[in-house]
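Chain by chain, the residues run as shown.
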Amino acid sequence: MTWPSLDDVRWLFSELIEWLNRPIVEGQSNITAMTVLGLLLLGWIALRFSRAAQRGVARANQRLQGGIQLQESSLGIAQTLVHYGILLVAVVIALQMLSIDVASLVAAGAVFAVGLSLALQNLAQNFVSGLILLFEQTLKPGDIVEVEGTVVRIRQLGARSTLARSRDGEDLIIPNNLLVQNTVKNLTHEDRTVRIRVPVGVSYDSDMTEVATTLRKVARNVPWRTSTLEPVVLLTTFGPSSVDWEVSVWGDDPWRLPVLQTDLAERIWRGLKEAGITIAFPQVDVHLGTMPELRLAANSTQDSPP
């Protein structure tokens, strides 16, 4: 077996280099086989680096403690952003390898982006708002929130909108922009404790000390209340027909708030009835005979012959 000489190897290597540098597509910037191989190698490196970076984000998230740690949905968004960021850098490098003026493309893309943003302004706002909600984690699936006077349970956070369900069993699709720009009452952000209030009015003839004692007794005997927080009984105002009180206890189920208010109101009703305390209702006193015209009318009626 005869091995090739050094000159033969040099000749083959120079031919290979010449072939790799031979233009495949001729134009303002020639595309050679070397360019194609470089682009393929760049794409392979970018994908490998993207996978490694995404695994690094997941491992870093596992090491975080407490509320800093991202939820699964937020982690997925972070990994997606890292992936597309790396691909964007690879595309810029590939354009430079093809001798394409990146600055001109950026300028043209900026003009196009302005026109597109005007057409899709609402969609873009909802998308950015969705990213804010996912990263801030002020809302998460399972939270009970009040949006524009309606209490809903969050089911799923999306990139454009949030899916929620009301107490009536209705599925609501809420734009993320509405949740970011408006005030949203989150009843379960840090804990599930909620205050249940029931107003009640009693007669002015009632013994107010006995009323307060009865209301406190009823509130303390509520079986579902949070035992760590004491009930509050307040005399709120002196109304036209009643002395108005407010009884409030703490519970841990905001979703059943109307049911808990009803149960507390029924217990207050029974407690006051058993104590012989009158629950007031609107009354109007009409006094006759105090006006001269009425007295004259009454006297003329009595003096007229039958």
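The rules we used
Residues numbered from 1 in each chain as written. Predicted model: local features only at pLDDT ≥ 70, side-chain atom pairs only at ≥ 80, totals over all residues. Heavy atoms only, no water. Phe/Tyr/Trp six-rings, centres within 6.5 Å; stacked < 30°, edge-to-face > 60°. Lys NZ or Arg CZ within 6 Å of the ring centre and 35° of its normal. Patch = residues over 30% accessible without salt bridge, like charges linked within 9 Å, V, L, I, M, F, W, Y side chains within 5 Å. Areas by Shrake-Rupley, 256 points an atom, 1.4 Å probe, with all protein chains shown as cover. Salt bridge = Lys/Arg side-chain N within 4 Å of Asp/Glu carboxyl O. Helix = DSSP H or I, 4+ residues; strand = E, 2+ residues; numbered from the N terminus. Core = buried A, V, L, I, M, F, W, Y, C linked by side-chain atoms within 4.5 Å. Buried < 20%, exposed > 50% of the residue type's maximum accessible area, 1.4 Å probe, protein only. Contact = heavy atoms within 4.5 Å. Pairing = 2+ DSSP bridges. Axes fitted to C-alpha atoms, helices over the stretch in contact; angles between N-to-C directions. Expected span 1.5 Å × (residues − 1).

**Details of the packing of aromatic side chains**
Part 1: Applying the stated criterion across every chain yields a total of zero aromatic pairs.
Part 2: Over the face of the ring belonging to W255 we find R153, whose NZ or CZ atom lies 4.5 Å from the ring centre.
Part 3: Sitting above the plane of the W255 ring, R167 keeps its charged end 5.8 Å from the centroid.

**A short note on a nonpolar patch on the surface**
Part 1: Together, F127, V128, I132 and V180 give the surface a local cluster of nonpolar side chains, amounting to about 300 Å² of exposed area.
Part 2: Top element by residues in the nonpolar patch is helix α5 (residues 121-136). It accounts for three residues.
Part 3: Examined against the element boundaries, F127 turns out to sit in helix α5.

**Regarding the nonpolar core**
Part 1: In terms of nonpolar packing, the biggest core is built from 22 residues, with I196, V202, L215, W245, L264, I268 and L272 touching the most fellow members.
Part 2: Mapped by element, the contributors of at least two residues to this core are β8 (194-202), α7 (208-220), β10 (243-251) and α8 (257-274).
Part 3: With residues near it in sequence (within four places) discarded, L272 still touches V200, V202, T214, L215, I277 and I279.
Part 4: Judged by nonpolar contacts, the second largest core, of eleven residues, contains V147, V152, I154 and L179.

**So, the pairing of strand β6 (residues 171-175)**
Part 1: Where strand β5 (residues 161-166) lies against β6, five bridges are found, and the strand directions are antiparallel. In the sheet register, T162 faces β6, and the bridge partner there is I174.
Part 2: In textbook terms, the turn of a hairpin is the stretch between consecutive antiparallel strands, and for β5 and β6 this stretch comprises four residues, one of which, G169, has a positive phi near 80°.

**So, the environment of R267**
Part 1: Within the fold, R267 resides in helix α8.
Part 2: The spacing of R267 and V218 is 49 residues in sequence and 6.6 Å in space, taken between C-alpha atoms.
Part 3: When neighbours within four sequence positions are excluded, R267 is seen to be in contact with V218, N221, V222 and P223.

**Brief notes about the sheet that holds strand β7 (residues 185-186)**
Part 1: Taken in spatial order, the five strands of this open sheet run β6-β5-β4-β3-β7, and their pairing is antiparallel. In this open sheet, the two strands that pair with only one neighbour each are β6 and β7.
Part 2: Two strands pair when backbone bridges link them, and strand β4 (residues 150-157) and β5 are joined in this way by five bridges, in the antiparallel orientation. Bridge pairing in β5 places V152 opposite S166.

**Overview of the sheet that holds β8**
Part 1: Judged by pairing direction, the sheet is antiparallel, and its three strands sit side by side in the order β8-β10-β9 without closing on themselves. Strands at the two margins of the open sheet, each flanked by one partner only, are β8 and β9 (232-238). Pairs of neighbouring strands in the sheet enclose a mean axial angle of 25°, with direction left out of account.
Part 2: Summarising the sheet, β9 and β10 pair through six bridges and their orientation is antiparallel. Bridging from a neighbouring strand, V233 pairs with V247 of β10.
Part 3: Packed onto the sheet, α7 meets β8, β9 and β10 and runs at close to 20° relative to β10.
Part 4: Running at roughly 35° to β8, α8 makes contact with β8 and β10 of the sheet.

**Considerations on α5**
Given 3.6 residues per helical turn, the α-helix brings residues three or four places apart onto the same face.
Part 1: Its 16 residues give α5 an end-to-end C-alpha distance of 22 Å, which sits within 8% of 22 Å, the value for a rise of 1.5 Å per residue.
Part 2: In the segment just after α5, Q137 is the residue with positive phi, at about 60°.

**A word on unusual backbone geometry**
Part 1: If you check the backbone angles, E148 has positive phi at about 50° while not being a glycine.
Part 2: With respect to the helices and strands, the residue E148 is situated in the loop between β3 (144-147) and β4.
Part 3: On the basis of relative accessible area, E148 is assigned to the exposed category, the value being 63%.

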